[in-house]
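# Chains, contacts and geometry: an overview
Here are the chains, one letter per residue:
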Amino acid sequence: MVGEETCVPSQGVGGNGVASEFGDLTGMTRQEVDDFLRGLGAKVKITTDGYIQYKFIDKSTVMIRPNGEAIRTPAPKYGSDGRNINKGLRLDRYGRLLRTRDEFGNLIPDTHNTGEKLNE
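Okay, so let's go over this structure.

Reading guide: rules and limits
- Residues numbered from 1 in each chain as written.
- Predicted model: local features only at pLDDT ≥ 70, side-chain atom pairs only at ≥ 80, totals over all residues.
- Heavy atoms only, no water.
- Pairing = 2+ DSSP bridges.
- Helix = DSSP H or I, 4+ residues; strand = E, 2+ residues; numbered from the N terminus.
- Buried < 20%, exposed > 50% of the residue type's maximum accessible area, 1.4 Å probe, protein only.
- Contact = heavy atoms within 4.5 Å.
- Polar contact = N/O pair within 3.5 Å; in protein donor to acceptor, adjacent residues only side chain to side chain.
- Salt bridge = Lys/Arg side-chain N within 4 Å of Asp/Glu carboxyl O.
- Phe/Tyr/Trp six-rings, centres within 6.5 Å; stacked < 30°, edge-to-face > 60°.

Looking at chain direction, strand 3 (residues 61-64) and strand 4 (residues 70-73) are connected through 4 bridges and run antiparallel. Opposite Thr 61, over in strand 4, you have Thr 73 as the bridge partner.

Below, the structure is given as structure tokens:
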């Protein structure tokens with residue numbers, strides 16, 4: 001509409017699927033995020049526990065928790081043996097890969113939540 005400002009995040013770093021191609025969603029409303037992600041071609045699914053999943057054609061995702069926190073996962077990448085080499089990784093609020101587990105499979109502290117949160 002004329003006179004209305006649309007809220008669009010900055011550009012992300014890219015390279016890890018559609019979910020990495022845009023920047024921080026913090027401060028956007030749920031409706032603004034929904035419109036933006038659907039505009040990028042995301043398929044939407046609402047889980048039984050209230051999460052909203054936006055899945056892109058490359059299988060990267062953005063999940064919105066009931067509390068408004070955004071969780072991003074990269075598009076899968078496969079090694080020469082066919083094994084998913086980035087399984088369990090997340091993206092930070094700028095689309096960069098965020099390592100969540102150490103070489104032994106232990107959760108690395110302060111990597112579960114990225115701080116990317118929508119306005120309620």
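Attention now goes to the environment of Thr 61. Secondary-structure assignment places Thr 61 in strand 3. A residue is classified by how much of its surface remains accessible, and Thr 61, at 7% relative accessible area, is buried. If we ignore the near neighbours within four places in the chain, the residues touching Thr 61 are Ala 19, Gln 53, Tyr 54, Lys 55, Ile 71, Arg 72 and Thr 73. Within the local environment of Thr 61, its side chain forms a polar contact with the side chain of Thr 73, the two groups lying 2.3 Å apart.

Of all the residues in helix 1 (residues 30-39), the buried ones are Val 33, Asp 34, Phe 36 and Leu 37. Of the surrounding elements, those touching the buried residues of helix 1 are strand 1 (43-46), strand 2 (52-55) and strand 3. Within two residues after helix 1, Gly 41 carries a phi angle of roughly 95°, on the positive side.

Attention now goes to the pattern of salt bridges. For the coordinates displayed, the defined rule picks out 6 salt bridges. The partner of Glu 69 in a salt bridge is Arg 65, and the shortest N-O contact between them spans 2.7 Å. Residue class for Arg 65 comes out buried when judged on its relative accessible area of 12%. The residue Asp 81 makes a salt bridge to Arg 83 at a minimum N-O spacing of 3.7 Å. Each member of the pair, Asp 81 as well as Arg 83, is classed as exposed.

Applying the stated criterion across every chain, the model contains 1 aromatic pair. Summarising the aromatic geometry, the rings of Phe 22 and Phe 36 are spaced 5.2 Å apart at their centres and angled 85° between planes, so their arrangement reads as edge-to-face. Here Phe 22, found in the segment before helix 1, pairs with Phe 36, found in helix 1; they are 14 residues apart in sequence, far enough to count as distant. On the basis of relative accessibility, which here comes to 2%, the residue Phe 22 falls in the buried class.

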